[in-house]
Amino acid sequence: MIELPEVDVAIAGGGPVGSALALALSGSAVSVARIAGEGDFADRPIALSHGSRLILERLGAWSSVRNNPIETIHVSQQGFGRTVMRCADYGLPALGYVTAYSELVEQLAGRTPVSAQSLRDWKSAGDEVVLQFSRGEEEAGMRARLLVLADGGHNRHARQVRDYRQQAVVAEVTAEEPRAGVAWERFTAEGPLALLPFRDRYALVWSVRPATATELLGFSDSDFLARLREVFGGRLGNFGSVGPRSTFPLSLRQSEINPAAGVLAIGNAAQTLHPVAGQGLNLGLRDAWELAQMLLDASKEEIGAPRFLARYARGRRFDRYAGIGFTDFLVRIFSNSLAPLALARGAGLAALDVLPPARRFLAHRMIFGARALP
């Protein structure tokens, strides 16, 4: 029988969450193997919270990340109701930052080389997990005390909890009257519309019904921009140009944090959220950070043991379900045109705008999650 190599932790996922975990463990006594699969990388703008910036700074990976700071977030719905959050109100340099996903992956993954490709299968076996993967044309295997699933494509236990019956239409647009440092979240009858400052333009994430998404993709550039102005309003003047448009379906997916013996799910493998309020990646980076701190404090015998897995799941439960619940609530309560609900939503946004403690609580949740960084 061939003796398989063994590591303390195998990380499946080549995106920023798995890379952040690997970087946090680099140089420690914890041995790590990176296993990336196809489809881990994408090139699109993403929003990082200030809390995520603090994590990346501690990993030494922030200074090289090009970004546009978000100093103000303007939240409104069509008709009555709006609120504004400003970083100056909380003593922060910014509420968040917009960067390119591919650049963030490059900064993180470049510091933690991938040692294998294409995870084929895994199974729990006693006090370890046996992995099968391919390296080029060859099949190989490995044993790990702990397997961390950090990419949704690697988690066969993930399940769809709610289909929002929405598609996200994404593109980059220019505006006649841009406002530096301001991000916009506009709730419409079909779903939220976000405009994020990105380089010299805006990153658009527009959630609509599937039929509307098909229609928007088929529009000419001028018709698309005219519809966008009609829905968003004239705060930025006319929209001048639009880049390539694409779309993807929106749903809430989650799995057990501890799907099997010796296995933990973090990031998109644990939960895939609607992009409203930009919580998904930020929640995943907190998953990675807290798991890394536990691994650095654990003995080798503790890594992957039932008590270790239960402690991690228990520690992340509150932040995780608070993030899932907050995002799901926003989508469900704001994605309809019922007049009584629209009036109640408007009143809620208006009240939030004149109640600093409530606004501070919301901002804290968006920036740091349910648990502040120590």
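Predicted, not measured: the structure shown is a model, and the values here were computed from it.

1. Observations concerning the nonpolar core
With 45 residues, the main nonpolar core has L21, L146, I266, L291, L295 and F308 as its most contacted residues. Elements supplying a minimum of two residues to this core: strand 1 (6-12), helix 1 (16-25), strand 3 (45-49), helix 2 (50-58), helix 3 (101-109), strand 10 (138-149), helix 6 (280-297) and helix 7 (306-334). With 8 residues, helix 6 is the largest single contributor of residues to this core. Every residue in contact with L295, bar those within four places of it in the chain, is listed here: V9, L21, L25, V30, L146, I303 and F308. Judged by nonpolar contacts, the second largest core, of 32 residues, contains L92, Y164, A363 and I367.

2. Some thoughts on the environment of L195
If you trace the backbone, L195 turns up in strand 13 (residues 192-198). Sequence-distant contacts of L195, defined by excluding residues within four places in its chain, comprise V173, V182, A183, W184, Y202, A203, L204, F232, L236 and F239.

3. With respect to the sheet that holds strand 7 (residues 96-100)
One open sheet accounts for 3 strands, arranged 3-7-4; its pairing is antiparallel. Lying at the two open borders of the sheet, with one neighbouring strand each, are strand 3 and strand 4 (68-70). On average, adjacent strands in this sheet sit at an angle of 30 degrees to one another, irrespective of strand direction. Packing against the sheet, helix 3 makes contact with strand 3 and strand 7, and its axis sits at approximately 90 degrees to strand 7.

4. Structural notes on the packing of helix 2 against helix 6
Viewed as axis vectors pointing N to C, helix 2 and helix 6 meet at an angle of 40 degrees, and their least axial separation amounts to 9 Å. With respect to helix 6, the axis of helix 2 lies oblique. With respect to the hand of their crossing, helix 2 and helix 6 are arranged in left-handed fashion. Along the contact surface, helix 2 presents S52, I55 and R58, while helix 6 presents N282, L285, R286 and W289. For the contact of helix 2 with helix 6, the per-class residue count stands at 3 nonpolar, 2 polar and 2 charged.

Cut-offs applied
- Residues numbered from 1 in each chain as written.
- Predicted model: local features only at pLDDT ≥ 70, side-chain atom pairs only at ≥ 80, totals over all residues.
- Heavy atoms only, no water.
- Core = buried A, V, L, I, M, F, W, Y, C linked by side-chain atoms within 4.5 Å.
- Buried < 20%, exposed > 50% of the residue type's maximum accessible area, 1.4 Å probe, protein only.
- Helix = DSSP H or I, 4+ residues; strand = E, 2+ residues; numbered from the N terminus.
- Contact = heavy atoms within 4.5 Å.
- Pairing = 2+ DSSP bridges.
- Axes fitted to C-alpha atoms, helices over the stretch in contact; angles between N-to-C directions.
- Parallel < 35°, antiparallel > 145°, perpendicular 65-115°, else oblique.
- Left-handed = near helix turned anticlockwise from the far one by under 90°.
- Nonpolar A, V, L, I, M, F, W, Y, C, P; charged D, E, K, R; others polar.

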